[in-house]
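Residue-level listing of the chains:
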Amino acid sequence: MTVRTRIAPSPTGAPHVGTAYMALFNLAFARKHGGQMVLRIEDTDQSRSTSESEEAILSSLKWLGLSWDEGPDCGGKFGPYRQSERLELYKDAIQVLVDNGYAYPCFCSAERLNEVRKKQIENKQTPRYDGHCLNLNKEEIEQKMQEGLPFVYRLKVPTDGTCVFKDELRGEVSIDWNQVDHQIIQKSDGFPTYHLANIVDDHHMGITHVIRGEEWINSTPKHMLLYEGMGWDAPIFAHLPLLRNPDKSKLSKRKNPTSIDYYKDAGYLPEAVVNYLGMMGYTLPDQKEIFNLEELSESFEIKRMSLGGPIFDLAKLKWLNGRYLREQLKPEDVLHRLMEWKANPEFLGKILPLALKRLETLSDFFPLAQFLLTDTPDYSTEELVGKLEAANVAKILKIAEWEMEKLPQWNRDQLSNLFQQIAEVEDLKLKQVLPPFFVAISGNSVSLPLFDSLALLGPDLTRTRLRSALEKLSSAGSGLSKKGLKKLEKEYVQKYGNRID
Ligand code: GLU
């Protein structure tokens, strides 16, 4: 058997370090066993998937030096490697599942489903579909379809008993069927959901080992059932521990930068990031701390992965990065990396037009440009608050952070519109809104033009700076309390008509 692993990112946002973490261990496992790793794009959620996100994921994984044997960019004999291009396969699978009694159409309205859910919650039951449409006979189904009623397909889950499956790291895992929902496997728009598309592709792409995050353990019974319904053997499963924030919660961008691009923009070395990810839940048999993908692959034994949630600690990553700069690279290599990063004509050339008006000598340039070449600048809470009230500063910083999440493109004009809108909605002048942002972003109340600077910094460094300004306010006792944040969230959704993800 040739080992085949895969990573299956959904292109719905910035490239996440969790994706790189999964890619690294899938790759190490495949290499160790002389196999292959596939990269598959899971874009069945059409409303959230974008080609920009797909490109960003691929290019950030490549920046890290992680590669794959088959994928949407390099092809392969099991393609296409984007789920949106494989819809026929999922339609065929639905037919097989219906014929074999593992799936059924459901015509329930959203109102009915809400009612059922409400009652179940009232009765302290786990909310799940009540199997109402299982009682429809063939004629009723045909009639409803002819009437053109919208419908989905659901997975038929046993009413009692237990699903037992093997996990390479945990041994036997048992989950009672009554904890498993009658999952929608095809939506009313004819698109499959993750569960169906995922197992169909893993089968057709010859995946032998599904190595993924532990958040999918509870979905595995559904997948086992789908494999059974299709008459296919299930692959071997290994659910890796999830990366955690220092407070042990699941790694989230609210508490830690999670975008791979942040690490690139903030001046981390790709090999140090990969090394650090390799230390998350794993130690090399010889306890070595500095290692690369080849060394990890050579000695990799999946059973050595520990199940405790590994803490993704920025301070530790920084320390490791420093060791790489001093111990692993020659000074001339460091210089080369510095130039590749930001000390190059292209990047400095973008800053120059912003700074030109303020230059008297060449030596004025670097102090002005400095904040675009650092991670987070330094300033005091007093400077940040300026003439405004601290509570209002916290509020507009937070609103800007939320609004930025929704920006379709990160450029000067979009950013300028965003601040105009905030000023308008908050009934303030732009002149009143901007000063704290100048300080949060550049460390100074006077600086290069703000919108252009934000455009150059990019979304990840900007988000980190806004967050660190908010933290500064909190430690000074004038930030947003938990209650205040909840209130602001409500107000924001109402006034700006946006959700908060
Ligand atoms: N598309 C899923 C994700 O983005 C893949 C999960 C899996 O590996 O099965 O997490």
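Anyway, here's the lowdown on the structure attached to this text. Keep in mind the model is a prediction, meaning the values are calculated, not measured.

In total, this model carries 17 aromatic pairs according to the counting rule given. An angle of 70° between the planes, with centres 6.3 Å apart, marks the rings of Phe-165 and Phe-237 as edge-to-face. With Phe-165 in strand β5 (residues 162-167) and Phe-237 in strand β9 (residues 236-240), this pair connects stretches of sequence that are 72 residues apart. On the accessibility criterion, Phe-165 (3% relative accessible area) is buried. For the pair Phe-419 and Phe-437, a centre-to-centre distance of 4.8 Å together with 75° between the ring planes defines the contact as edge-to-face. You can see Phe-419 sitting in helix α17 (residues 412-426) and its partner Phe-437 sitting in helix α18 (residues 430-442), a full 18 residues away along the chain. The exposure class assigned to Phe-419 is buried, which follows from its relative accessible area of 0%. Put simply, the rings of Tyr-262, Tyr-263, Tyr-268, Tyr-276 and Phe-312 pair up and form one aromatic cluster.

Take the nonpolar core next. Residues Leu-61, Leu-66, Phe-312 and Phe-419 are the most contacted members of the largest nonpolar core, which totals 103 residues. Of the residues forming this core, the biggest block, 11 residues, is contributed by helix α1 (residues 17-32). When residues no more than four places from it in sequence are discounted, the contact partners of Phe-419 are Ala-400, Met-404, Leu-430, Val-433, Leu-434, Phe-437, Phe-451 and Leu-454. With 32 residues, the next largest nonpolar core counts Ile-175, Leu-196, Met-205 and Ile-217 among its residues.

So, on to the packing of α18 against helix α19 (residues 450-475). Contact pair α18 / α19: the axes reach a minimum separation of 9 Å and the direction vectors enclose 80°. What the angle tells us is that α18 and α19 run roughly perpendicular. Where α18 abuts α19, its residues Leu-434, Phe-437, Phe-438, Ala-440 and Ile-441 lie against Leu-450, Phe-451, Leu-454, Leu-457, Thr-462, Arg-465, Leu-466 and Ala-469. The residue inventory of the contact of α18 with α19, partitioned by class, reads 11 nonpolar, one polar and one charged.

Parameters at a glance
Residues numbered from 1 in each chain as written. Predicted model: local features only at pLDDT ≥ 70, side-chain atom pairs only at ≥ 80, totals over all residues. Heavy atoms only, no water. Phe/Tyr/Trp six-rings, centres within 6.5 Å; stacked < 30°, edge-to-face > 60°. Helix = DSSP H or I, 4+ residues; strand = E, 2+ residues; numbered from the N terminus. Buried < 20%, exposed > 50% of the residue type's maximum accessible area, 1.4 Å probe, protein only. Core = buried A, V, L, I, M, F, W, Y, C linked by side-chain atoms within 4.5 Å. Contact = heavy atoms within 4.5 Å. Axes fitted to C-alpha atoms, helices over the stretch in contact; angles between N-to-C directions. Parallel < 35°, antiparallel > 145°, perpendicular 65-115°, else oblique. Nonpolar A, V, L, I, M, F, W, Y, C, P; charged D, E, K, R; others polar.

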